[in-house]
Amino acid sequence: MTTDTVPARRVRRWTPRRVRALMRSRGPTSLQFRRRIAVLTGAVAIGIVAVLFAKAADLLGAAFGEWVDRNRYAPLVVTPCAFAVFVWATRRFVPYARASGIQQVIAARHDPDGATRGLISLKTGIGKIFLTLGAIGVGASTGREGPTVQLAAAIMGATHRLLGVSLRGAVVIAGGAAGVAAAFNTPLAGVMFAIEELAAAYEQKVTLLVLSAIVISGMVAQSLAGDYVYFGAIGATMPIGPALVVVPVAGLIGGAAGGLFSKSMLSILVGENPVRSFARARPITFGFLCGVVVAVLGVMTSLTWGTGYASARAMIVGVDAPLWFGPAKALATLATAVAGLPGGVFAPSLAVGAGFGNLLRELFPNDPAKAVVILGMVAYFAGVVRAPLTAVIILSETTASRGLMLPMFATAFIADWASQAVCREKLYHGLSRPFLASAQGADGGSVEAGKPRGAG
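Residues numbered from 1 in each chain as written. Predicted model: local features only at pLDDT ≥ 70, side-chain atom pairs only at ≥ 80, totals over all residues. Heavy atoms only, no water.

### Concerning the overall build of the protein chain
Okay, so step 1: A tally of regular secondary structure across the protein chain gives 21 helices and zero strands.
Okay, so step 2: Put simply, the protein chain has 456 residues, and 56% of those count as buried.
Okay, so step 3: Carbon together with sulfur atoms contributes 64% to the accessible area of the protein chain, which is approximately 19300 Å² in total. (Helix = DSSP H or I, 4+ residues; strand = E, 2+ residues; numbered from the N terminus. Buried < 20%, exposed > 50% of the residue type's maximum accessible area, 1.4 Å probe, protein only. Areas by Shrake-Rupley, 256 points an atom, 1.4 Å probe, with all protein chains shown as cover.)

Structure representation (structure tokens):
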């Protein structure tokens, strides 16, 4: 009779040699451990800095509003001169801090370690903070969300350099996404933005890093600023019948308008035309003239200054606004965005979208006003950034209007199609080309080599 024999289970003995090997591979001095600490530390720092940046921007915006109330015509002189000074300072000291910051992060993921000495260096991030705050403090139609993305990536780069860990493109994306989440208090939008805009493809390792960074930075931001909804808990809804009429109109017109804004911005910043030639030859003068446009619009309307947050929220809750607000705010935002100083277009685009939604209310007076305005915001924002999922999630989280999700999705996809018909190239990817060209420069591909060509 034979008996089955079970092989004895091999027991690993904890020998001193094995302990030393484990400490080298996973202990406090190991590469894996230091990489995790770098991401954790960076995410905590992003949450703290994003909240402080937001509070400072709000204070400066409010202070400018009070100053304008007492000195209505003073911005006609102050704002253009400040634009010229900020353009000079940006070009002289932190040339990679110019404009939104999202395009710099897109370019940085191609050479992350090199980018920490240029595109996403700590010097660039700090300069970005102060120059963006300065722009907001003089009434520029700009936002802090794009700059927060670049600043967040710079923080991730700094923590990795401090701990002697190489920076990967996935971590750059994670840092940028954490910046979006902390800026708007919208963690899901951070994930969508990373996948849809920064990464432009689904990668599991990217998503896991994004999730961990967003959760940590979001918890830190909420502990400092509180659990708030960006525009307030609106909770808008719309019955299916009216939605079938409003959605295609909002998507087509709003998407086309957003595409026109993107095409205009790309044409001025990276195209070949007389305006671009003048901006390249005389950047400070061009910045001054852009400041004149912003100042004149602000003095004439009293509504186009700053991020446009207050105006957007007022229209969302049903307050009537002038029908010209949307076009006027779009022009002020375009003038600010092409001037050559730091600042983003996220928040101003939401304000323009609210103005567009306010126009739609005239076409659909019997439909829920709040829902119509939000659909207008989704349409225009999706048309500008060409990231429909991000647009829907941001508006859903910033207004707590989850009951409007299906109409928002339909509007965003129609708007994306309409925008593509007007402007084939995605805004941030087009704007990243000069930075990417600089990253692949003549000295072997170093990102910090020279100033970005053809980018002002």
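### Structural notes on a nonpolar patch on the surface
Okay, so step 1: On the surface, a cluster of nonpolar side chains totalling about 570 Å² of accessible area is made up of Tyr73, Leu76, Val77, Val78, Val296 and Met300.
Okay, so step 2: The set of elements that each furnish at least two residues to the nonpolar patch consists of α3 (75-93) and α13 (283-301).
Okay, so step 3: With three residues, the single largest contributor to the nonpolar patch is α3.
Okay, so step 4: Tracing the chain through its elements places methionine 300 in helix α13. (Patch = residues over 30% accessible without salt bridge, like charges linked within 9 Å, V, L, I, M, F, W, Y side chains within 5 Å. Salt bridge = Lys/Arg side-chain N within 4 Å of Asp/Glu carboxyl O.)

### What to know about the nonpolar core
Okay, so step 1: Ile120, Met265, Phe346 and Ile374 are the most contacted members of the largest nonpolar core, which totals 124 residues.
Okay, so step 2: Top element by residues in this core is helix α17 (residues 369-385). It accounts for 13 residues.
Okay, so step 3: In contact with phenylalanine 346, other than residues within four places in its own chain, are Ile102, Glu145, Phe184, Phe193, Phe381, Val385, Ile394 and Tyr428. (Core = buried A, V, L, I, M, F, W, Y, C linked by side-chain atoms within 4.5 Å. Contact = heavy atoms within 4.5 Å.)

### Comments concerning unusual backbone geometry
Okay, so step 1: Here the phi dihedral of alanine 99 falls at roughly 70°; this positive angle occurs in a residue that is not glycine.
Okay, so step 2: For alanine 99, a relative accessible area of 8% puts it in the buried group.
Okay, so step 3: Within the chain, arginine 386 stands out as a residue other than glycine whose phi angle is a positive 55°.
Okay, so step 4: Along the chain, the position of arginine 386 falls in the loop between α17 and α18 (388-399).
Okay, so step 5: Residue arginine 386 is classed as buried on the basis of its relative accessible area, which comes to 10%.

### Some words on the environment of leucine 427
Okay, so step 1: Here leucine 427 is to be found in helix α20 (residues 427-431).
Okay, so step 2: Using a relative accessible area of 0% as the deciding quantity, one classes leucine 427 as buried.

### Regarding the packing of aromatic side chains
Okay, so step 1: What the rule picks out here adds up to eight aromatic pairs.
Okay, so step 2: On the basis of an interplanar angle of 20° and a centroid distance of 6.3 Å, the ring pair of phenylalanine 409 and phenylalanine 413 is categorised as stacked. Of this pair, phenylalanine 409 and phenylalanine 413 are both found in helix α19 (residues 405-422), four residues apart, which corresponds to roughly one turn of the helix.
Okay, so step 3: The partly exposed category is assigned to phenylalanine 409, whose relative accessible area is 23%.
Okay, so step 4: Through a chain of ring-to-ring contacts, the aromatic side chains of Phe64, Trp67 and Trp305 assemble into a single cluster. (Phe/Tyr/Trp six-rings, centres within 6.5 Å; stacked < 30°, edge-to-face > 60°.)

### Re the side chain of glutamine 103
Okay, so step 1: With respect to the helices, strands and loops of the structure, glutamine 103 is situated in helix α4 (residues 102-108).
Okay, so step 2: Taking the relative accessible area as the measure of exposure, glutamine 103 reaches 2% and is therefore buried.
Okay, so step 3: If we skip the residues at most four places from it in the chain, glutamine 103 touches Tyr428, Leu431, Ser432 and Phe435.

### Some remarks on α18
Okay, so step 1: Under the 1.5 Å per step criterion, the end-to-end length of α18 is 17 Å for twelve residues, consistent within 8% with the ideal 16 Å.
Okay, so step 2: With eleven of its twelve residues buried, α18 lies for the most part within the structure.
Okay, so step 3: For α18, every residue scored as buried is listed here: Pro388, Thr390, Ala391, Val392, Ile393, Ile394, Leu395, Ser396, Glu397, Thr398 and Thr399.
Okay, so step 4: Once α18 finishes, alanine 400 follows within two positions and takes phi at roughly 55°, a positive value. (Expected span 1.5 Å × (residues − 1).)

### Notes on the confidence of the model for the protein chain
Okay, so step 1: Per-residue confidence for the protein chain averages 85 on the pLDDT scale, and 86% of its residues sit at or above 70.
Okay, so step 2: Per-element averaging of pLDDT across the protein chain places helix α1 (residues 16-26) at the bottom with 58 and α13 at the top with 96.
Okay, so step 3: Taken together, the stretch residues 442-450 has pLDDT below 50 and engages in 22 contacts with residues farther than four places along the chain or on a different chain. (pLDDT = per-residue confidence, 0-100.)

### As for the side chain of asparagine 273
Okay, so step 1: Inspection of the secondary structure puts asparagine 273 in the loop between α11 (240-270) and α12 (274-281).
Okay, so step 2: Accessibility expressed as a relative area gives 17% for asparagine 273, which makes it buried.
Okay, so step 3: In contact with asparagine 273, not counting residues within four places along its chain, are Ser267 and Ile268.

### A short note on the packing of α17 against α18
Okay, so step 1: One way to put it is that α17 packs onto α18 with a least axis distance of 9 Å and a crossing angle of 145°. Relative to α18, α17 is oriented so that their crossing is right-handed. Residues Ile374, Met377, Val378, Phe381 and Ala382 of α17 touch α18, and the partners they reach there are Pro388, Ala391, Val392, Ile394, Leu395 and Thr399.
Okay, so step 2: Looking at the contact of α17 with α18 residue by residue, the class counts come to ten nonpolar, one polar and no charged. (Axes fitted to C-alpha atoms, helices over the stretch in contact; angles between N-to-C directions. Left-handed = near helix turned anticlockwise from the far one by under 90°. Nonpolar A, V, L, I, M, F, W, Y, C, P; charged D, E, K, R; others polar.)

### Here's the deal with the pattern of salt bridges
Okay, so step 1: Within the structure shown, the criterion is met by five salt bridges.
Okay, so step 2: One salt bridge connects arginine 361 with aspartate 320, and the closest N-O pair in it is separated by 3.0 Å. Here aspartate 320 lies in the loop between α14 (309-316) and α15 (325-337) and arginine 361 lies in helix α16 (residues 346-363), a separation of 41 residues in the sequence.
Okay, so step 3: Since its relative accessible area comes to 15%, arginine 361 is described here as buried.

### Notes on α13
Okay, so step 1: Here α13 is 19 residues long and its end C-alpha atoms lie 27 Å apart, about the 27 Å a rise of 1.5 Å per residue gives.
Okay, so step 2: Against the buried residues of α13 lie α3, α11, α12 and α15.
Okay, so step 3: Positive backbone phi, at 65°, marks serine 302, one or two positions downstream of α13.

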